[in-house]
Amino acid sequence: MEFINIVDENGNFTGEVLEKEIAHDRNLLHNEIACFVINSNNEILLQKRSMNKRFNPGKWGLCAGHVDSGESLENATIREIKEEIGLDVTVDELHTFTEREINIKEKNSHIAYFYYLVTNKKEDEFVIQEEELSEVKWFNVDYIIELIEKGDTTTVFTKERLRLLNDIKKVMK
């Protein structure tokens, strides 16, 4: 079981700790992290989410996950990277990226904190967590932006989140 802290709209811990699925069922606000894995070719590594995922099954997205109760944002990011793509990173390799994103929706309300790291590994060098994802692939960031602008729904990104991709492009230069 995975336990997470329930937070207010400012990201402050409310004192309530719940099992992740209960928090989701009740649509309670909680912290999540997401990491842009980038390389020197202006590409981002996207993960194809498993079809058994509750949210966005089969869509391409970032290395992301929940912050466990008592866990720091950085440690959650390091843990998720290791679990999902088998990459060992240190806190020094993580870079805080852009402002947090507050998502209050009908389902899966959360506050997302963003990081990025740089690696030039090939796709077949990543060890994927098969329960979470089915494959990883490097994508040119401009290609992903173009898909989103055309209304493509194969990624977790929406037009409202284009700023994230435009911001990561600035980091890549």
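Residues numbered from 1 in each chain as written. Predicted model: local features only at pLDDT ≥ 70, side-chain atom pairs only at ≥ 80, totals over all residues. Heavy atoms only, no water.

### Some thoughts on the pairing of strand 4 (residues 43–49)
The two faces of the sheet receive side chains in turn, since in a regular strand these alternate between them.
In step 1: Pairing geometry for strand 3 (residues 31–38) and strand 4, over two bridges, is antiparallel. Within strand 4, the residue paired with I38 across the bridge is I44.
In step 2: In textbook terms, the turn of a hairpin is the stretch between consecutive antiparallel strands, and for strand 3 and strand 4 this stretch comprises four residues, one of which, N42, has a positive phi near 60°.
In step 3: Pairing geometry for strand 4 and strand 10 (residues 133–140), over seven bridges, is antiparallel. Each residue of the ladder has a partner; that of E43, found in strand 10, is N140.
In step 4: Note that strand 4 and strand 5 (residues 60–61) share two bridges and pair antiparallel. When the bridges of strand 5 are listed, Q47 appears paired with G61. (Pairing = 2+ DSSP bridges. Helix = DSSP H or I, 4+ residues; strand = E, 2+ residues; numbered from the N terminus.)

### Some words on the layout of surface pockets
In step 1: Computed from the structure, the largest pocket encloses a volume of approximately 950 Å³.
In step 2: Breaking the lining of the largest pocket down by element, the ones donating at least two residues are helix 1 (20–25), strand 3, strand 4, strand 6 (63–66), helix 2 (73–85), strand 8 (101–103) and strand 9 (110–118).
In step 3: Grouping the amino acids of the lining of the largest pocket by side-chain chemistry returns eleven nonpolar, twelve polar and 19 charged. (1 Å grid on protein atoms, 1.4 Å probe; cavity = no way out; pocket = protein on both sides within 12 Å on 5 of 7 lines; lining within 4 Å. Points joined across faces, edges and corners; volume = space filled by probe spheres on them. Nonpolar A, V, L, I, M, F, W, Y, C, P; charged D, E, K, R; others polar.)

### Considerations on the pattern of salt bridges
In step 1: Counting across every chain of the model gives 16 salt bridges.
In step 2: Note that E21 and R54 form a salt bridge whose closest N and O atoms lie 2.6 Å from each other. Residue E21 is found in helix 1, and its partner R54 is found in the loop between strand 4 and strand 5; the two are separated by 33 residues along the sequence.
In step 3: Accessibility expressed as a relative area gives 31% for E21, which makes it partly exposed.
In step 4: The residue D167 makes a salt bridge to K170 at a minimum N-O spacing of 3.7 Å. You can see D167 and its partner K170 sitting in helix 4 (residues 162–172), three residues apart, about one turn around the helix.
In step 5: Exposure remark for K170: the relative accessible area of 60% places this residue in the exposed category.
In step 6: Three or more residues joined by partner-sharing salt bridges are found here, namely D68, E71, R79, E80 and E83. (Salt bridge = Lys/Arg side-chain N within 4 Å of Asp/Glu carboxyl O. Buried < 20%, exposed > 50% of the residue type's maximum accessible area, 1.4 Å probe, protein only.)

### Description of the nonpolar core
In step 1: Membership of the largest hydrophobic core comes to 24 residues, with the highest contact counts inside it found for F36, I44, L46, I144, F157, L165 and I168.
In step 2: Residue assignment for this core shows that the elements contributing at least two residues are strand 3, strand 4, strand 9, helix 3 (141–149) and helix 4.
In step 3: In this structure I44 touches F36, V37, I38, K137, W138, F139, I144, L165, I168 and M172, once residues within four positions along its chain are discounted. (Core = buried A, V, L, I, M, F, W, Y, C linked by side-chain atoms within 4.5 Å. Contact = heavy atoms within 4.5 Å.)

### Observations regarding the pairing of strand 9
In step 1: When you tally the buried positions in strand 9, you get eight out of nine residues, the bulk of the element.
In step 2: Alignment of strand 3 against strand 9, held across eight bridges, turns out to be parallel. Bridge pairing links V37 to L117 in strand 9.
In step 3: Alignment of strand 7 (residues 95–96) against strand 9, held across two bridges, turns out to be antiparallel. Along strand 9, the bridge assignment pairs H95 with Y116.
In step 4: Relative to strand 9, strand 8 runs antiparallel, the two being bridged by three bridges. When the bridges of strand 9 are listed, N103 appears paired with H110.
In step 5: As consecutive antiparallel partners, strand 8 and strand 9 are separated by six residues, and within that stretch N108 has a phi angle of approximately 60°, a positive value.

Any link to function would need more than the numbers given here.
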